[in-house]
Amino acid sequence: MEARGEVAVTSLLDPAFVRELERLKVELRRRLDGPHAGERRGLRRGAGVEYAGHRPYAPGDDLRRVDWNAFARLRELVFRTTLPDTDATVHLVLDASRSMAFGEPSKLRVACRLAAAIGYLCLTGSERVGLHVEAGEGSAPRPPWRGRARVPSLLAALEALRPAGAASLARAAGALKGARGGLAVCFTDGLDEGAEAAVGRLAATGLECCLVQVLSDEELSPAFDGDLELVDSESGETLRLSVDEGVASELHARVRALSEALEGQCRRRGVRYVGAFGGAEALSVLARVLGA
Amino acid sequence: MEILTPWGLAALGLLAPLVALYLLKRRRVRQEVPSLRPWRAVALARERHAGLQRLRSRLSLWLHALAVALVALALAGPFRRSRVEPSSRLVLVVDTTASLGARDPRGGTRLDRAKEAALAALEAQGPRGEVALVEAGCAPAVRVPPTRDRVALRRALHALRPRGCGGDLAAALPVAADRLRGASGSRRVVVITDGTTRAERLGEDLPAVVELRYVGAPTDNVGVTGLSLREDGEDAGVRRYAVFVGLWATAPCAAALRLEAWTPRGTTLVALRRARLSAGRASFTLPVTFPEGGAPALLRATVAREDGAPDGLSEDDRAWAPVPPSARLPVRVVTPRPGGSPWVLRALRADPGVSAEEVQGTPAVLQASTMEVFNGLTVFHGIAPEAAVPGEALFLGPSGARAGGFVLGLPVRGARLTDASPTDPRARFVPVGDVHPLAVRSVTAEPGDVTLVGSTAGPAALARDTTRGSSTLVAFDPDRSDWPLRASWVLFLRNAVEHARASLTASGLDATRTGSVVRMPALGVERVTVTALDPPGRRWSLPVQQGAATWVETDATGVYRVDRGRGEEHLGLGLLDATESALGRASLPWRGAVVAEPSRGAQGTTELGWLLALAALALVVTEWLLARPMRVRGSAGSVPTTPLRDGA
């Protein structure tokens with residue numbers, strides 16, 4: 001049996017899962033390369049950021065790319081073309097605090113598996129992948145990986161993760177400040193007090209952001225009752241409470257309310273929110289993260 | 001409920017440290033959760049119901065506190081006064097004399113109430129105590145010796161029935177006291193009676209703790225308390241009788257007295273008297289002649305109320321007397337030689353009710369007198385057998401060292417007679433101050449002997465009553481004194497005759513009262529049979545010993561047929577007891593007896609401590625079941641939750 005929070009390499013990306021990812025990758029590419037390219041937000045969202053030139057506007061062009069300054073001068077609609085941004089960076093931000101150790105499998109393992117899948121898709125494409133781990137004491141910044149050959153490095157880094165300490169997503173988001181273009185995917189359970197504030201910090205990075213909230217069944221429906229002294233896994237704070245069925249159902253509602261509040265905050269800040277609760281399917285969550 | 005040791009309640013002080021410990025060290029299981037954030041929100045919402053929650057959460061405290069309180073109360077020795085008798089042995093004395101057959105206002109008889117009281121006392125005694133049952137009827141009888149067998153006791157109680165006789169309740173107490181011997185723990189006698197009984201012959205000290213429980217209520221009653229029949233001459237060849245009837249009424253009433261000639265073939269009314277009776281005794285003397293055909297076997301007297309009011313007791317409404325009355329008492333005077341006792345014969349023959357004859361005291365006669373019962377009075381003058389003589393005997397100046405069982409010493413010349421017994425009927429009206437015997441022989445008195453006449457040399461006249469009869473000894477020769485010249489001489493002999501007549505009447509077929517021992521002389525037969533005719537049913541076969549059969553079970557009124565080889569004879573037994581007929585409630589003259597209500601047993605105690613201790617234990621177990629270590633179905637890292645599925 002695995003120790004709490006340990007991630008087996010083979011279990012992160014087993015051959016069957018890789019095959020599923022390859023199919024997902026083909027599907028995503030088919031959609032992006034089609035006649036409606038640019039209408040969807042996708043993995044290759046970075047394409048078109050760098051200026052390439054102007055051409056006359058044609059019906060069907062994205063109005064957002066019309067050069068309105070040129071229109072003011074020329075009184076003609078001019079379409080601003082860009083070069084495909086093939087080296088965009090995908091920032092994977094993982095909450096590896098102690099609260100992620102709960103659940104079976106643990107929330108951290110679920111997050112690592114999703115991060116590994118995204119990293120695999122990016123490294124096998126043309127994107128760079130950066131890994132930011134928030135585990136209380138912070139982590140030394142490392143340069144992004146690029147290329148298929150870096151997949152094992154990514155997986156090794158993920159498997160080495162252990163839940164510890166208290167998370168500060170705001171701090172992690174601060175580490176992304178200054179990043180140029182790209183996508184930031186943040187994996188967290190979102191139950192800490194600063195989760196909502198972290199969303200604002202993420203949005204302020206200027207990156208396209210996605211927050212994946214990972215929750216276990218235990219958090220939605222506690223499997224214990226009686227007169228208890230509840231201990232916060234990260235802060236060590238305690239709370240005396242007599243837990244019964246009424247309390248359990250009330251807790252479920254409270255967790256749901258917190259999730260909805262977090263989702264609303266993400267919506268207001270332009271951050272995509274994806275919930276990955278205990279019974280969710282990995283590929284479904286992945287597709288929602290990638291905007292497929 | 002009362003408590004035995006109030007200091008045990010001090011254990012209630014344990015409640016204070018219990019509450020303190022509970023509040024300070026309330027047991028809680030630590031449970032790690034990912035984040036307290038949602039839990040705090042829940043806890044905040046629960047604060048609104050904090051009161052109810054606190055109460056629920058402190059259920060263990062309440063249960064523990066209640067258990068401590070119960071234990072403290074148990075230590076205090078709580079007990080409840082109950083009707084459990086504390087005594088380890090109880091003797092129930094139940095009065096079954098005739099008055100217990102009286103009608104009770106609540107229905108049934110007084111004996112039914114007595115049985116209820118006895119059963120109540122039996123139930124209150126508890127299963128571990130021993131109980132004996134003594135029936136105080138005509139004579140006391142132990143029905144059940146001390147036992148714990150409640151079934152046998154109840155069966156014996158239910159078998160009790162009112163007897164048709166009176167009795168001495170005091171005589172049952174020594175019997176009851178005897179059943180208390182050897183009992184450990186407390187001992188008690190419960191006497192259940194209606195108080196309508198004789199109970200005089202009790203010593204100063206009661207034999208044990210005696211509780212009196214009276215049953216029954218005063219009831220109006222009329223009864224026959226006396227009946228006798230005497231010849232009163234003849235009219236034209238028809239014998240005339242004078243009938244004396246005594247009645248008792250508890251209240252003024254109108255009553256009818258019927259006298260009937262009883263024969264086995266039926267009854268014939270011979271006299272009727274209607275009278276207005278006042279409360280108390282009343283007596284009537286009625287002349288009676290019997291119709292042609294001769295005298296009947298018995299005369300029956302019946303009294304009945306004529307005012308329509310119910311009569312309390314039916315047992316005393318009838319009485320029987322034999323007809324004709326007893327013949328003249330046969331008296332034989334045994335002398336050493338013929339004509340040796342002229343003064344004795346002269347005095348005896350002066351009584352028309354006596355048939356006296358002189359018998360020479362040959363050795364054969366003396367020997368026979370010790371073997372056979374003479375149905376009369378035997379006077380031994382100057383000579384006597386050494387052994388005791390059955391029946392009625394009078395010894396005058398015997399010459400030997402032994403006479404009729406008496407041991408005599410040397411004669412004391414010049415001894416002077418001092419006094420005569422004032423209470424014994426045999427010395428009644430016998431002044432002896434002017435009697436001067438020549439010499440008085442000293443006599444060795446035995447326990448039970450009654451000194452009739454005293455002298456300076458010791459008892460001059462002794463009486464000895466035994467079950468075989470009564471013997472009277474005069475320790476000097478009347479012929480060698482001036483006593484025959486005194487009037488007291490005739491009175492002394494008349495008293496002896498009357499005593500013998502009374503004794504023979506009581507032991508012969510002349511007996512008319514229930515409860516008396518009937519001695520029936522019977523010669524030439526081995527057994528005497530007695531058969532009840534009215535009411536029919538019972539039959540006795542009595543062995544004949546020393547010329548007589550003894551019938552003791554005379555506890556029911558009615559007519560009996562006696563067969564003792566003389567043809568059909570009849571005997572009537574009536575209650576004839578004014579004490580039993582007076583159906584009021586008397587208070588027995590027993591000092592030191594405790595009068596208890598019949599509905600209440602003596603109060604015992606029931607320990608409740610063990611019950612409270614059990615209750616406390618039950619509370620502790622309940623608390624353990626409800627508040628045992630909190631059920632934890634899982635924890636972080638081990639909770640089986642649905643894994644995030646990998647595939648579609």
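Worth saying up front: this structure is predicted, and the values here are computed from it rather than measured.

Draft legend 1. View of the sheet that holds strand S3 (residues 89–95) of chain A. Residues and elements named next belong to chain A. Here six strands make up an open sheet; going across it, the order is S5-S4-S3-S6-S7-S10 and the pairing mixed. Every other strand in the sheet has two partners, leaving strand S5 (145–146) and strand S10 (272–276) as the edge strands with one partner each. Packed on one face of the sheet, helix H9 (residues 245–269) meets strand S7 (208–214) and S10 and runs near 155° to S10.

Draft legend 2. Seen up close, the packing of helix H7 (residues 195–204) of chain A against H9 of chain A. Residue and element names in this part refer to chain A. Two elements in contact, H7 and H9, have axes whose closest approach is 9 Å; the angle formed by their N-to-C orientations is 20°. Taken together, the axes of H7 and H9 lie roughly parallel to each other. Handedness of the H7/H9 crossing: right-handed. Only Ala 261, Leu 262, Gln 265, Cys 266 and Arg 269 of H9 make contact with H7, whose side of the interface consists of Ala 195, Glu 196, Val 199, Gly 200 and Ala 203. Classifying every residue of the contact of H7 with H9 gives six nonpolar, two polar and two charged.

Draft legend 3. Structural context of the environment of Ala 280 of chain A. On the secondary structure map, Ala 280 of chain A appears in the loop between S10 and helix H10 (282–290). Residues Ala 280 of chain A and Val 214 of chain A lie 66 residues apart in sequence; the distance between their C-alpha atoms is 9.7 Å.

Draft legend 4. Summary view of unusual backbone geometry. Look at the link from Glu 104 of chain A to Pro 105 of chain A: it is a cis peptide, with omega at 0°. Take Pro 105 of chain A: it is sitting in the loop between S3 and helix H4 (107–123). One non-glycine residue, Arg 75 of chain A, lies in the positive phi region at around 60°. The class for Arg 75 of chain A is exposed, based on 7 C-beta atoms found within 10 Å. Of note in the backbone geometry, Leu 576 of chain B takes a positive phi value of approximately 50° without being a glycine. Mapped onto the secondary structure, Leu 576 of chain B falls in the loop between strand S32 (568–573) and helix H11 (578–581). Overall, the presence of 26 C-beta atoms within 10 Å leaves Leu 576 of chain B in the buried class.

Draft legend 5. The arrangement of the nonpolar core in detail. Residues and elements named next belong to chain B. Counting residues in hydrophobic clusters, the biggest one holds 87 residues, and the most contacted among them are Leu 92, Val 93, Ile 192 and Leu 299. Looking at this core element by element, the count peaks at seven residues for helix H5 (residues 110–124). Every residue in contact with Leu 92, bar those within four places of it in the chain, is listed here: Ala 118, Ala 121, Val 131, Ala 132, Leu 133, Val 134, Val 190 and Ile 192.

Draft legend 6. Examining the sheet that holds strand S2 (residues 29–33) of chain B more closely. Reading across the sheet, the three strands line up as S9(A)-S8(A)-S2(B) and stay open at both edges, with mixed pairing between neighbours. Of all the strands in the sheet, the pair left with one neighbour each is strand S9 (238–243) of chain A together with S2 of chain B. Pairs of neighbouring strands in the sheet enclose a mean axial angle of 35°, with direction left out of account. Note that strand S8 (residues 226–232) of chain A and S9 of chain A share six bridges and pair antiparallel. Bridge assignment links Asp 227 of chain A to a residue of S9 of chain A, and that residue is Ser 242 of chain A.

Calculation criteria
Residues numbered from 1 in each chain as written. Chains lettered and ligands numbered in written order. Predicted model: local features only at pLDDT ≥ 70, side-chain atom pairs only at ≥ 80, totals over all residues. Pairing = 2+ DSSP bridges. Helix = DSSP H or I, 4+ residues; strand = E, 2+ residues; numbered from the N terminus. Contact = placed C-beta atoms within 7 Å. Axes fitted to C-alpha atoms, helices over the stretch in contact; angles between N-to-C directions. Parallel < 35°, antiparallel > 145°, perpendicular 65-115°, else oblique. Left-handed = near helix turned anticlockwise from the far one by under 90°. Nonpolar A, V, L, I, M, F, W, Y, C, P; charged D, E, K, R; others polar. Buried ≥ 20, exposed ≤ 12 C-beta atoms within 10 Å, placed from the backbone. Core = buried A, V, L, I, M, F, W, Y, C linked by C-beta atoms within 7 Å.

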